[in-house]
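Working through the structure, step by step
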Amino acid sequence: MSKQTHAFQAEVAQLLHLVTHSLYSNQEIFLRELISNASDACDKLRFEALNNNGLYEDAPDLQVRLSFDKAAKTLTITDNGIGMTAQEAIDHLGTIAKSGTKDFMSKLSGDQKSDAQLIGQFGVGFYSGFIVAEKITVETRRAGAAAAEGVRWISGGTGDFEVETITRAERGTSVILHLREEALEYANTWKLKEIVGKYSDHISLPILMEKEEWQDGELIDPNDENGGRKPGGMVKTGEWETINKASALWTRPKKDITDEQYADFYKQISRDFEAPLTWTHNRVEGSTEYTQLLYIPSKAPQDLWNRDKKAGIKLYVKRVFIMDEAEALMPSYLRFVKGVVDSADLPLNVSRELLQESRDVKAIREGCTKRVLSMLEDLAKHDKAPEASAEVTDVLSEEDKAKLGQYTKFYAEFGAVLKEGLGEDFGNKDRLSKLLRFASTTSDTVSVSFADYKARMKEGQDAIYYITADTLAAAKNSPQLEVFKKKGIEVLLMTDRVDEWALNFVHEFDGTPLQSVAKGAFDLGKLQDEEEKKAAEDAAETFKPVLAKLKEALKDKAEDVRVTSRLVDSPACLVVTDDGMSMQLARMLKQAGQQAPEVKPVLEVNPEHALVKKLDGSVHFHDLAHILFDQALLAEGGLPADPAAYVKRVNALLS
Ligand code: ADP
């Protein structure tokens, strides 16, 4: 193939522009990205070679070599991994296959630090080379292909790139960066060693650099030992040395690993810039043997909500990398966990399909799930200092002190995802329920557990009361809460979108039933005294004729109309039947374009309210009835079916 010019996919061109203009203060990440690509390429070779040993040709030792040429102003990263065919080079280095690139672009903020973080998360690694290079040449040959099938790819990182066929004896890829004038500092052994130490120490692949040694400058005047020399310098010796640790961190004993090393390793595998919140590292022995090193990030990734997002677990078998994103190893509701599982039992040629069925994998998945839950339980337990007083915090160990506030942090980022587990993982439902936290009518912060709530329950109270709403403000101001506020009964306020769904799976906590204050008939049981009950019954009796008329007027909108003692200040509210879908969930489903059953709520009226008292005998009865209903709907976040009619009715009454 002779030289061809290809245009970059529009997104790539745009991305390149952003990469080169916004990542300036974080230049050095380019090396981590390119080394990580090289390491992936070696992993791929190792994996393909499991079924085709010939791919190793005569170079079975996989490695990455860094070299530079000061005079030519180049820095080269060479791997002897899988390499690329011409078509692969065109496809992989000219387009962005991943969906969500547009999304990615729109999220770039102009703030270099957070943008750099995003670049990592979206895996646009190769293009980061253009931060330091004005031109990149890639020379590559696919493992197993003939030497004559080598490829050269060249681009200045703007509109297009060139590809041509070359002869390349060695398998694998060389990425040659033609350094910008301002980036010449990277053509330096110390600089490169420093960056490798920072980002790529734990890559299990050796990274090699040619050794240098000092050589005095040439003697010009033999009579003048000091002054008569040309300046000396470092020269290459032709001997290569490994500059990273190249040992898989998780195989080392815990006691030999510092927190900093754990955090660095996390950054490397997660491409996150922030240190993890916490981690757990264990060798599990028994019927299945494996090592797990699992991390909880400090911050949720942008695409946390994508349920198709694969788990963040890398699977190794006896230290050989097998696959990324091994979703079979972690339930979907723990998809935010990152880490490594290294199994001693699985076959090396295990496929994703096989993983789904393997009993060993099932055991690993259960083991990892339990570990993550224990880790969270531990954080939850140490979240608050017992009395948060100085004396108490002072006696805490450093380790426990570090855990203060951590669970709250975790929950703010990942709590909503954790709730998915209630419907997904029945075996751990009880443990998960204990990990839930909510805001409540006595706590604005999301910090109340079911156990906290139970401990504060009133004498005679026999249910855990809650309300779901779109926002905290809407929840707090719900008319349904009025009587609870009056009586000083705490109500949990649930405002996560998943709450409604998740609560379908939790009907009680530790023997106490959960009761929505917007569902079912109002019954406070022993919390209501005889007098109140009597008054309610009397009101129901006197209101009977009015209720019958209301029911008739609203028969298309309301399932039923009844009086209630739920309300104090509001004239009316809507509730659904005990097993009915809440109005809020029905609305949410509709918004999401899903089928939702038509929910016909019950209208409850407050017999003590002036407006309700006015109904009887009013010439505006019909309008008032509809206004009551539509207002109740508005109050709980819905919209009248016919807003214009509502406005007309209100205006008629106002004038
Ligand atoms: P990512 O690595 O996240 O997929 P990159 O932009 O870094 O994104 O790389 C795009 C693709 O180019 C890779 O997925 C891989 O197929 C190919 N590639 C990049 N570097 C190499 C390399 N050193 N050897 C083989 N293939 C590579």
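These lines cover the structure that appears in this document, whether it is placed above or below. Every value quoted in this text rests on a predicted model; they were computed, and no experiment measured them. (Residues numbered from 1 in each chain as written. Predicted model: local features only at pLDDT ≥ 70, side-chain atom pairs only at ≥ 80, totals over all residues. Heavy atoms only, no water.)

Looking only at helices and strands, one finds 22 helices and 23 strands in the chain. At 33 Å, the chain has a C-alpha radius of gyration far larger than the 26 Å of a compact globule built from 655 residues. Its C-alpha atoms put the chain at 120 × 55 × 55 Å along the principal axes. Residues counted as buried form 51% of the 655 residues belonging to the chain. Here the analysis covers contacts within the chain between residues at least 6 apart in sequence; of these, 71% occur between residues at least 24 apart. Charged side chains in the chain number 83 positive and 106 negative. The centres of these two groups are separated by 2 Å. (Helix = DSSP H or I, 4+ residues; strand = E, 2+ residues; numbered from the N terminus. Rg over C-alpha atoms; globule rule 2.2 N^0.38 Å. Buried < 20%, exposed > 50% of the residue type's maximum accessible area, 1.4 Å probe, protein only. Contact = heavy atoms within 4.5 Å. Lys, Arg positive; Asp, Glu negative; His and termini not counted. Charge placed at Lys NZ, Arg CZ, Asp CG, Glu CD.)

Here we come to the pairing of strand β11 (residues 290–296). Consecutive residues of a regular strand have side chains that alternate between opposite faces of the sheet. With 7 of 7 residues buried, β11 is to be regarded as a mostly interior element. Pairing between strand β10 (residues 278–284) and β11: 7 bridges, direction antiparallel. Each residue of the ladder has a partner; that of N282, found in β11, is Q292. Counting the residues in the hairpin turn of β10 and β11 gives 5 residues, including G286, whose phi is positive at 135°. Where β11 and strand β14 (residues 338–343) come together, 6 bridges link them in antiparallel fashion. (Pairing = 2+ DSSP bridges.)

A few words on the pattern of salt bridges. In the structure shown here, the tally under the stated rule is 35 salt bridges. Two residues, K73 and E181, come together in a salt bridge whose shortest N-O distance is 3.2 Å. Taken together, the residues span a long stretch of sequence, with K73 in the loop between β2 (64–69) and β3 (74–79) and E181 in the loop between β7 (172–179) and α6 (189–199) at a distance of 108 residues. With relative accessibility at 31%, the residue K73 sits in the partly exposed group. R168 serves as the salt-bridge partner of E170, at 4.0 Å between the closest nitrogen and oxygen. Exposure remark for R168: the relative accessible area of 6% places this residue in the buried category. Salt bridges here are not isolated pairs; linked through shared partners, they connect E48, E88 and R142. (Salt bridge = Lys/Arg side-chain N within 4 Å of Asp/Glu carboxyl O.)

Quick look at the side chain of Q27 now. With respect to the helices, strands and loops of the structure, Q27 is situated in the loop between α1 (10–22) and α2 (29–49). Reaching out from Q27, the side chain makes a polar contact with the side chain of Y186 at a distance of 2.9 Å. Excluding anything up to four places from it in sequence, Q27 contacts I131, V132, E185 and Y186. (Polar contact = N/O pair within 3.5 Å; in protein donor to acceptor, adjacent residues only side chain to side chain.)

This paragraph deals with a negative patch on the surface. A cluster of acidic side chains, namely D529, E530, E531 and E537, defines a negative patch on the protein surface. Position of E530 relative to the elements: it lies in helix α18 (residues 530–553). (Patch = residues over 30% accessible without salt bridge, like charges linked within 9 Å, V, L, I, M, F, W, Y side chains within 5 Å. Areas by Shrake-Rupley, 256 points an atom, 1.4 Å probe, with all protein chains shown as cover.)

Turning our eyes to something else, we now look at the sheet that holds strand β22 (residues 572–575). Strand order in the open sheet formed by 3 strands is β21-β23-β22, and the pairing between neighbours is mixed. What marks the edges here is a single partner per strand, and that holds for β21 (560–563) and β22. Pairwise comparison of adjacent strand axes, ignoring direction, gives a mean angle of 25° for this sheet. Across 4 bridges, β21 lies against strand β23 (residues 602–605) in parallel orientation. Looking at the pairing, V563 lines up with V605 of β23. (Axes fitted to C-alpha atoms, helices over the stretch in contact; angles between N-to-C directions.)

Turning our eyes to something else, we now look at the sheet that holds β7. Spatial ordering of the open sheet is given by β1-β6-β5-β4-β7-β3-β2-β8-β9, a layout of 9 strands whose pairing is mixed. Sheet topology places β1 (4–7) and β9 (233–242) at the edges, where each strand pairs with a single neighbour. Averaged over all adjacent pairs, the angle separating strand axes in this sheet is 20°, with direction ignored. Sheet analysis places β2 next to strand β8 (residues 207–215), joined by 3 bridges and oriented parallel.

As a further point, take the packing of helix α21 (residues 621–635) against helix α22 (residues 643–654). Where α21 contacts α22, the two axes come as close as 10 Å, and the packing angle between them is 125°. One way to sum up the angle between α21 and α22 is to call them oblique. In the packing of α21 onto α22, the handedness of the crossing is left-handed. Within the contact between the two elements, α21 uses H622, D623, L624, H626, I627, D630, Q631 and L634 and α22 uses Y646, R649, V650 and L653. Of the residues assigned to the contact of α21 with α22, the class counts are 6 nonpolar, 3 polar and 3 charged. (Parallel < 35°, antiparallel > 145°, perpendicular 65-115°, else oblique. Left-handed = near helix turned anticlockwise from the far one by under 90°. Nonpolar A, V, L, I, M, F, W, Y, C, P; charged D, E, K, R; others polar.)

Quick look at the nonpolar core now. One recurring pattern in soluble globular proteins is that nonpolar side chains are buried together. Ranked by internal contacts, the top residues of the largest apolar core, which has 70 residues, are L315 and F410. The biggest single contributor to this core is helix α9 (residues 359–381), with 9 residues. Residue-level mapping places this core at the junction of two domains, with at least three residues from each of domain 2 (249–382) and domain 3 (437–654). Here L315 is in contact with V320, F321, I322, M323, A326, L329, V341, L346, V350 and L355, once residues within four sequence places are set aside. Counting 58 residues, the second-largest nonpolar core is a separate cluster that includes F30, V64, L192 and V196. (Core = buried A, V, L, I, M, F, W, Y, C linked by side-chain atoms within 4.5 Å. Domains from an automatic or database assignment.)

Function-wise, these values are silent; they only describe arrangement.
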